[in-house]
Amino acid sequence: MQRAFVLCAVVALSECFFQVPLEKGKTARETLEEQGLWEEYRLKYPYNPMAKFDDNFAVGSESMTNDADMAYYGIISIGTPPQSFKVIFDTGSSNLWIPSIYCNSAACNNHHKFNPSTSSTFRNNGHSLRIQYGTGSMTGILGYDTVTVGGLAVKNQIIGLSETEAPFMQYMRADGILGLAYPRLSASGATPVFDNMMKENLVNQDMFSVYLSSDTQQGSVVTFGGIDPNHYSGSISWIPLSRELYWQITVDSVTVNGEVVACNGGCQAIVDTATNNNGDYMVNCNSIAQLPDVIFHINGESFTIPGSAYVRQSHSYGCRTGFSNGGSNLWILGDVFIRQYYAIFSRAKNMVGLATAR
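Residues numbered from 1 in each chain as written. Predicted model: local features only at pLDDT ≥ 70, side-chain atom pairs only at ≥ 80, totals over all residues. Heavy atoms only, no water.

- Per an unreviewed UniProt entry, the protein chain carries the name pepsin A and comes from Dissostichus eleginoides.
- Within the UniProt record for the protein chain, the comment given under Sequence similarities (unreviewed entry) is "Belongs to the peptidase A1 family."
- UniProt, in its Function (unreviewed entry) section for the protein chain, records the words "Shows particularly broad specificity; although bonds involving phenylalanine and leucine are preferred, many others are also cleaved to some extent." (UniProt positions renumbered as here; feature names shortened; annotations may be inferred.)

Here it is in structure tokens:
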């Protein structure tokens, strides 16, 4: 198991930031593909990666989809003594929830379950939680306990304890989700973990950053309270948010070979750490080297994604691009984008910073 660690500048201990290593596991989609069940599954539970960003769900009940493509997870602990869980660090949602001993869904029975009765610091909240999915829902109860993330102990953090979970969760490596979006998005008015970190002055700066390694499994990390210069080169481009709910920005256009192919006149995009981009546009696996760059023009600057970065090869389904039509004028800048550009999420500035990843 990889352990969280703390980095401090030599000149001042006040310049510390806290990191959680991330691992890339198989997504639910990849597992289902290997079992030959993906097509049957997607018909039964329609795959809609844009559902979590539907305004119908944006406030009051946290929206998610069948999330078959969430891949990166890190380890946190909850309670006293600590109980460890693998969670997706998701900038597209705001709640923290994990499976509990009260849940007997198939998705809970093959994941770690939190047992509140063995934690001396747990307090019951008395309220219920329902998180709507594109193809089902998670229901549970709320409670408070100490949550340790990257060496930071967040006391009296409100957490969701699942009692039922949507079927697709049984195919995910992660146990639960730790949301890093804005509090207005949070279901049941629960204060997000990072908001409590800021309120308790646990972080030196009101920001966190994400590095996704090009390595298949190891090397990725989420950093709380600062920016790790080891993970990027060049300057940081700061982009103002167009909406302080998700980490949403304006894209001026998307071009290929100098021609505008999308976002003509501008469109919206969400920088989403939990989305493992898998489109359904097939390409010849032998022609990846000849694929053109896709260039996102954002806030007057250009961000290039080479063909080798946006094609995923599947043993069962050949090669396909990491772009898909979400059915709206909204792009998700997920793992394909963040592997190329170190992403910084500043609550102090309400901006996203992007720099070339090392």
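### Digging into the pattern of salt bridges
Alright, step 1. Taken as a whole and assessed by the stated rule, the structure comprises 2 salt bridges.
Alright, step 2. Notably, a salt bridge pairs Asp195 with Arg347, separated by 2.8 Å at the nearest N-O pair. Here Arg347 lies in the loop between strand E25 (341-346) and strand E26 (351-357) and Asp195 lies in helix H4 (residues 193-199), a separation of 152 residues in the sequence. Both residues of the pair, Asp195 and Arg347, belong to the buried class.
Alright, step 3. The partner of Arg339 in a salt bridge is Asp335, with the nearest N and O atoms 2.8 Å apart. (Salt bridge = Lys/Arg side-chain N within 4 Å of Asp/Glu carboxyl O. Helix = DSSP H or I, 4+ residues; strand = E, 2+ residues; numbered from the N terminus. Buried < 20%, exposed > 50% of the residue type's maximum accessible area, 1.4 Å probe, protein only.)

### So, the side chain of Ser105
Alright, step 1. Along the chain, Ser105 turns up in the loop between strand E6 (96-99) and helix H3 (106-109).
Alright, step 2. Separated by 3.1 Å, the side chain of Ser105 and the backbone nitrogen of Glu165 make a polar contact.
Alright, step 3. Ignoring sequence-local partners within four residues, the contact set of Ser105 consists of Glu163, Thr164 and Glu165. (Polar contact = N/O pair within 3.5 Å; in protein donor to acceptor, adjacent residues only side chain to side chain. Contact = heavy atoms within 4.5 Å.)

### Description of the state of the cysteines
Alright, step 1. Inspection of every chain in the model, using the stated rule, returns 3 disulfides.
Alright, step 2. In this model, Cys103 is linked to Cys108 through a disulfide, with the two sulfur atoms separated by 2.0 Å. Its torsion about the S-S bond being 80°, the disulfide of Cys103 and Cys108 is classed as right-handed. Each of the two residues, Cys103 as well as Cys108, counts as buried. (Disulfide = S-S within 2.5 Å.)

### Quick notes on unusual backbone geometry
Alright, step 1. Note that the residue after Thr80, namely Pro81, is joined by a cis bond; omega there is -5°.
Alright, step 2. Within the element layout of this structure, Pro81 appears in the loop between strand E4 (72-78) and strand E5 (83-90).
Alright, step 3. In this model, Asn257 sits at a positive phi of 55°, which is unusual for a non-glycine residue.
Alright, step 4. Mapped onto the elements, Asn257 comes out in the loop between strand E16 (253-256) and strand E17 (259-262).
Alright, step 5. Taking the relative accessible area as the measure of exposure, Asn257 reaches 67% and is therefore exposed.

### Details of the sheet that holds strand E20 (residues 294-298)
Alright, step 1. Across the sheet, which stays open at both edges, the 4 strands sit in the order E17-E16-E20-E21 with antiparallel pairing between neighbours. The strands lining the two open edges of the sheet, one partner per strand, are E17 and strand E21 (301-305). When the angles between neighbouring strand axes are averaged without regard to direction, this sheet yields 35°. (Pairing = 2+ DSSP bridges. Axes fitted to C-alpha atoms, helices over the stretch in contact; angles between N-to-C directions.)

### Structural notes on the nonpolar core
The nonpolar side chains of a soluble globular protein tend to be buried with one another.
Alright, step 1. If you look at the biggest cluster of nonpolar residues, it comprises 62 residues, and the most contacted ones within it are Phe89, Val149, Phe224 and Phe296.
Alright, step 2. Ranked by size, the runner-up nonpolar core spans 18 residues in total, among them Leu142, Ala166, Met169 and Ala190. (Core = buried A, V, L, I, M, F, W, Y, C linked by side-chain atoms within 4.5 Å.)

### Focus on the pairing of strand E8 (residues 137-149)
Alright, step 1. Buried residues dominate E8, accounting for 10 of its 13 residues.
Alright, step 2. Where E8 hands over to strand E9 (residues 152-164), the hairpin turn is made up of 2 residues, of which Gly150 adopts a positive phi near 60°.

### Some points on the UniProt feature "active site" (unreviewed entry) in the protein chain
Alright, step 1. The positions that UniProt labels "active site" (unreviewed entry) are, in the present scheme, Asp90 and Asp272. Spanning 183 residues, the named residues form one tight spatial group whose C-alpha atoms are at most 6.8 Å apart.
Alright, step 2. One can find Asp90 in strand E5.
Alright, step 3. One can find Asp272 in the loop between strand E18 (267-271) and strand E19 (282-283).

### Let's talk about the environment of Tyr310
Alright, step 1. Within the secondary structure, Tyr310 is located in helix H5 (residues 307-310).
Alright, step 2. Taking relative accessible area as the criterion, Tyr310 reaches 6% and is therefore assigned buried.
Alright, step 3. For the pair formed by Tyr310 and Asp335, sequence separation is 25 residues and the distance between their alpha carbons is 9.4 Å.

### Brief notes about the packing of aromatic side chains
Alright, step 1. This structure, assessed with the given rule, holds 16 aromatic pairs.
Alright, step 2. Geometrically, the ring pair formed by Phe296 and Phe337 is edge-to-face, given 5.7 Å between the ring centres and 85° between the ring planes. Of this pair, Phe296 sits in strand E20 while Phe337 sits in helix H6 (residues 335-338); the two residues are 41 residues apart in sequence, bridging distant segments of the chain.
Alright, step 3. Each residue in the set Phe89, Tyr182, Phe194, Phe208, Phe224, Trp247 and Phe345 is aromatic and connected to the rest through ring pairs, giving one cluster.
Alright, step 4. Directly above the ring of Tyr182 sits Arg347, whose terminal nitrogen or CZ lies 4.5 Å from the centroid.
Alright, step 5. When the ring centre of Trp238 is taken as reference, the NZ or CZ atom of Lys349 above it lies at 4.1 Å. (Phe/Tyr/Trp six-rings, centres within 6.5 Å; stacked < 30°, edge-to-face > 60°. Lys NZ or Arg CZ within 6 Å of the ring centre and 35° of its normal.)

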